[in-house]
Amino acid sequence: MAERMYGHAAALQAAVGGRITRVDSIHLTLAFLGDVDAARVDELMAPPAAIAAGAFRFDVDRIGVWHHNGIGWVAPSAAPPALIDLQSRLSGWVESIGFALEKRAFAPHATILRKCTGKPATASIEPIRWMVDDYVLVRSTLDSTGSRYEVIGRFLLTERPPP
């Protein structure tokens, strides 16, 4: 799935410039926590049962660039209710234990380019089916090649979607 998203990056880069995101860095952020004190990581490794949700799938079928931040992205044309529900419950929980989250609306997407300068229109792409049966807690570090992500927790969703 990430490889197919990555495959769209070169064509988009030809139109708008920018730096292609490494395939191993392509992800969808549910809640960005920023810098987390190491003493609080254990709290995040134990989400309450209320966060549990059924597995789901959705289609990534749009590509575009946000001009305000130069991000090239792929995204679903319509976010599935299961994704919105999972993001809402997860965000509500991390806020309830004292983490401050950004207050902007959730815009589900995967970043495939950074530092874009051109202005192409948003377009449809052949759908990429994204099967979601877990979510992860990730630690990021920044180096000269960009962000590096390390999965430090994996949380399974309760039911598998139909094929």
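Residue numbers here run from 1 along each chain, matching the order of that chain's written sequence. Per-residue local features of the predicted model are confined to residues with pLDDT of at least 70, and side-chain atom pairs are confined, for both listing and counting, to 80 or more; whole-chain, interface and lining totals are unaffected and use all residues. Just so you know, side-chain values use all the structure's heavy atoms and leave hydrogens and water out.

Asker: Got a sec to walk through the overall build of the protein chain? Specific residues and values, please.
Answerer: In terms of regular secondary structure, the protein chain is built from three helices and seven strands. Along the protein chain, from the amino end to the carboxyl end, the secondary structure elements read α-β-α-β-β-α-β-β-β-β. Each radius of gyration reported is based on C-alpha atoms, and the globular scaling rule is 2.2 Å times the count of residues to the power 0.38. Its C-alpha atoms give the protein chain a radius of gyration of 16 Å, within 12% of the compact-globule value 15 Å for 163 residues. Each of the three principal axes of the protein chain carries a C-alpha extent, and together these read 45 × 40 × 25 Å. Scored against the burial criterion, the 163 residues of the protein chain give a buried share of 36%. Restricting to contacts in the protein chain with at least 6 residues of sequence separation, those with at least 24 account for 74%. For the protein chain, the exposed area adds up to about 9,400 Å²; of that, 54% sits on carbon and sulfur atoms. Strands are runs of DSSP state E lasting at least two residues, helices are runs of H or I lasting at least four, and both sets are numbered from the N terminus onward. Note on exposure labels: buried denotes an accessible area under 20% of the residue type's maximum, exposed denotes more than 50%, and partly exposed covers the range between, all computed with a 1.4 Å probe on protein chains only. By the convention used here, residues are in contact when the closest approach between their heavy atoms is within 4.5 Å. Computed with a 1.4 Å probe, the accessible areas rest on the Shrake-Rupley method; for each residue, only the protein chains presented here act as cover.

Asker: Outline helix 3 (residues 81-96), supporting the account with residue identities and numerical values.
Answerer: In this analysis, the expected span of each helix is defined as 1.5 Å times one less than the number of residues it contains. Its 16 residues give helix 3 an end-to-end C-alpha distance of 22 Å, which sits within 8% of 22 Å, the value for a rise of 1.5 Å per residue. Taken residue by residue, helix 3 has Leu 83, Leu 86, Gln 87, Leu 90, Ser 91, Trp 93 and Val 94 as its buried positions. For helix 3, the buried positions fall inside an angular range of 160° around the axis, keeping them on one side. The exposed residues of helix 3 that point more than 90 degrees off its buried face are Pro 81 and Ser 96. Looking at the buried positions of helix 3, the neighbouring elements they touch are helix 2 (41-44), strand 2 (56-66) and strand 6 (134-143). Of the residues flanking the end of helix 3, it is Gly 98, one or two places downstream, whose phi is positive at about 100°. Relevant arc is that of directions from the helix axis to the C-beta atoms, nothing else.

Asker: Break down the pairing of strand 6 for me, citing the residues and quoting the values.
Answerer: For two strands to pair, DSSP has to find at least two bridges joining them. In the sheet, strand 6 pairs with strand 7 (residues 146-156) via ten bridges, with the strands oriented antiparallel. By the bridge assignment, Ser 140 is partnered in strand 7 with Tyr 149. Linking strand 6 to strand 7, which pair antiparallel, is a turn of two residues.

Asker: Account for the pattern of salt bridges, with residues named and values stated.
Answerer: Note that side chains of opposite charge can pair when their charged atoms are close. Any Lys or Arg side-chain nitrogen located within 4 Å of an Asp or Glu carboxyl oxygen qualifies as a salt bridge. Going through the model one piece at a time under the given rule, you end up with eight salt bridges. Of the charged contacts, one joins Asp 134 and Arg 154 as a salt bridge, the two residues approaching to 2.6 Å between their closest N and O atoms. Within this pair, whereas Asp 134 is found in strand 6, its partner Arg 154 is found in strand 7, the two being separated by 20 residues in sequence.

Asker: An account of the side chain of Asp 61 is needed here, citing residue identities and associated values.
Answerer: Position of Asp 61 relative to the elements: it lies in strand 2. Apart from residues lying up to four places away in sequence, Asp 61 is in contact with Ala 75, Pro 76, Ser 77, Ala 123, Ser 124, Ile 125 and Pro 127.

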